[in-house]
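Descriptive structure summary
Below are the chains, spelled out letter by letter.
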Amino acid sequence: MFKPLILAALLGGALAAQAATPAELLAGYTAQAGTPAQAARGQAFFTSKHGKEWSCSSCHGATPTGTGQHASTSKAIKPLAPSANAERFTELAKSEKWFRRNCNDVVGRECTAGEKADVLAWLLTLK
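All of these numbers come straight from a predicted model, not from anything done at the bench.

1. Examining the state of the cysteines
- Tallied over the entire structure, the rule returns 1 disulfide.
- With a sulfur-sulfur separation of 1.9 Å, C103 is cross-linked through a disulfide to C111. Disulfide C103-C111: torsion about the S-S bond near -100°, hence left-handed. The same class applies to C103 and to C111, which are both buried.
- Between C56, a cysteine without a disulfide, and C103, which holds the nearest cysteine sulfur, the sulfur-to-sulfur distance is 6.5 Å.
- Relative accessible area serves as the criterion here: at 11%, C56 is assigned to the buried category.
- Here C59 is not cross-linked by a disulfide; its sulfur's nearest cysteine counterpart is in C56, at 9.0 Å.
- A relative accessible area of 10% means that C59 is categorised as buried.

Cut-offs used in this document
- Residues numbered from 1 in each chain as written.
- Predicted model: local features only at pLDDT ≥ 70, side-chain atom pairs only at ≥ 80, totals over all residues.
- Heavy atoms only, no water.
- Disulfide = S-S within 2.5 Å.
- Buried < 20%, exposed > 50% of the residue type's maximum accessible area, 1.4 Å probe, protein only.

Below you can see the structure in the form of structure tokens.
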């Protein structure tokens with residue numbers, strides 16, 4: 001069953017609807033990217049620096065199934081992997097806000113749909 005998010009992505013529209021599950025969000029990003037998500041590529045992206053001071057793993061940990069810690073504020077960060085935090089990647093607006101803010105900090109720009117799909121594909125493999 002296709003939710004509005006997936007339909008919007010498949011029809012070339014913006015990610016306008018709210019996702020109900022991480023898998024639906026992944027399907028939308030994958031469709032928008034036009035290429036299959038690759039978990040290994042997502043892990044490499046997550047754990048590597050991209051010309052900036054931090055990687056995603058600087059705050060979320062190399063395996064983000066536990067509580068992370070913000071690199072500059074030391075604020076606790078709830079687990080990122082959906083298997084460890086059922087609230088992650090269940091709302092499109094929150095997911096987009098998270099990606100926009102963190103990709104800007106880590107990569108210096110917004111992440112592409114393919115990068116989001118790869119990272120989410122990897123996060124969904126974590127147990």
